[in-house]
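Chain by chain, the residues run as shown.
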Amino acid sequence: MEDRHPSTITGPVTDAERTYAVEMLLATRDSLRQSLAGLSMTQQQYKPNPNRWSIAECAEHIVLVDRGIFKSLQQGMSAPADPAKRASIHVSDVFVIKAVRSRGTLTQAPLPFVPTGRYATADEALAVFEQQRAAAIEYVQDATADFRTHYFEHPFLGTLDGYQAVLLLASHGERHRKQIEELKADPGFPA
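These remarks concern the structure in this document.

Thresholds applied
- Counting of residues starts from 1 at the beginning of each chain's written sequence and follows it residue by residue.
- Where totals are concerned, whole chains, interfaces and linings use all residues; where local detail is concerned, this predicted model gives features only for residues with pLDDT of at least 70, and gives and counts side-chain atom pairs only at 80 or more.
- Think of the side-chain values as coming from all heavy atoms in the structure, minus any hydrogens and water.
- Each aromatic pair joins two rings of Phe, Tyr and Trp (for Trp, the six-membered one) with centres within 6.5 Å, and gets the label stacked for planes under 30 degrees apart, edge-to-face for over 60, and tilted for any other angle.
- Strands here mean DSSP runs of E at least two residues long; helices mean DSSP runs of H or I at least four residues long; both are numbered from the N terminus.
- Accessible area is worked out with a 1.4 Å probe on protein chains only. A residue is then buried under 20% of its type maximum, exposed over 50%, and partly exposed in between.
- In this description, contact between two residues means that some pair of their heavy atoms is separated by no more than 4.5 Å.
- Strand pairing follows a simple DSSP-based rule, namely that at least 2 bridges must link the two strands.
- Salt bridge criterion: a side-chain nitrogen from Lys or Arg within 4 Å of a carboxyl oxygen from Asp or Glu.

**Points about the packing of aromatic side chains**
- Per the stated rule, a full pass over the model turns up two aromatic pairs.
- Between Tyr46 and Phe189 the ring centres are 5.7 Å apart and the planes differ by 85°, which places this aromatic pair in the edge-to-face class. Placement of the pair is Tyr46 in the loop between helix 2 (41-45) and helix 3 (55-78) and Phe189 in the segment after helix 6 (162-185), with a sequence separation of 143 residues. Note on accessibility: Tyr46 and Phe189 belong to one class, buried.
- Ring geometry for Phe70 against Tyr139: centres 5.6 Å apart, planes inclined by 85°, an arrangement best described as edge-to-face. Highlighted residues: Phe70 in helix 3 and Tyr139 in helix 5 (residues 122-142), separated in sequence by 69 residues.
- Residue class for Phe70 comes out buried when judged on its relative accessible area of 13%.
- A relative accessible area of 22% means that Tyr139 is categorised as partly exposed.

Have a look at this one:
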């Protein structure tokens with residue numbers, strides 16, 4: 001993917017961009033599956049300290065945020081197209097991917113996305129995630145509206161276009177999959 005300034009991008013998304021987004025959604029789904037495979041309940045619930053999330057909590061958070069992003073993406077795509085609003089976008093597609101995937105800057109999750117034990121296991125959360133991700137993939141493949149002229153408001157990144165919201169969707173889950181791998185690498189992680 002070429003790192004282009006948002007002011008140089010005009011829509012609609014290309015076939016290559018759509019393919020890239022779908023492949024990214026599939027790859028991050030598959031990576032999460034791998035990270036959660038074969039974990040015991042003790043491993044899913046392990047916390048190195050009370051201020052850290054467990055693997056099960058990370059999985060729940062991924063489900064909650066994915067649901068929120070996808071719902072907001074659909075709402076933005078159903079609004080009237082507004083090519084003039086592109087001037088409000090200040091980050092590139094590549095920046096969205098890198099910034100969201102990075103574990104270098106930790107942020108506090110907004111309250112609606114804080115895990116509360118909604119799912120009994122990480123496997124249960126994964127099943128919900130997979131249903132949501134399948135719907136998102138189908139949506140991205142089939143959408144006819146121009147992703148570049150519909151928008152999504154992010155609390156940290158500002159205005160994103162619909163395509164960037166899809167990249168955000170895939171990247172957020174990857175960010176927390178990395179967090180799961182950090183937990184698995186912790187010296188106290190149960191065998």
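Continuing now.
**Focus on the side chain of Gln179**
- One can find Gln179 in helix 6.
- Looking at Gln179, the relative accessible area reads 7%, which means it is buried.
- If sequence neighbours within four positions are ignored, Gln179 has contacts with Trp53, Cys58 and Arg103.

**Quick look at the pairing of strand 1 (residues 151-154)**
- Sheet analysis places strand 1 next to strand 2 (residues 158-161), joined by four bridges and oriented antiparallel. What sits directly across from His154, in strand 2, is Gly158.
- The antiparallel hairpin formed by strand 1 and strand 2 contains three residues in its connecting segment.

**Observations regarding the pattern of salt bridges**
- In total, this model carries 15 salt bridges according to the counting rule given.
- Between Glu130 and Arg33 there is a salt bridge, with the nearest N and O atoms lying 2.7 Å from each other. Here Glu130, found in helix 5, pairs with Arg33, found in helix 1 (residues 15-36); they are 97 residues apart in sequence, far enough to count as distant.
- Where Lys184 meets Glu181, a salt bridge forms, and the shortest distance between an N and an O atom there is 3.2 Å. Of this pair, Lys184 and Glu181 are both found in helix 6, three residues apart, which corresponds to roughly one turn of the helix.
- With relative accessibility at 26%, the residue Lys184 sits in the partly exposed group.
- Assessed through its relative accessible area of 29%, Glu181 is described here as partly exposed.
- In the salt-bridge network here, residues are joined through shared partners; they are Glu17, Arg86, Asp93, Arg148 and Asp161.

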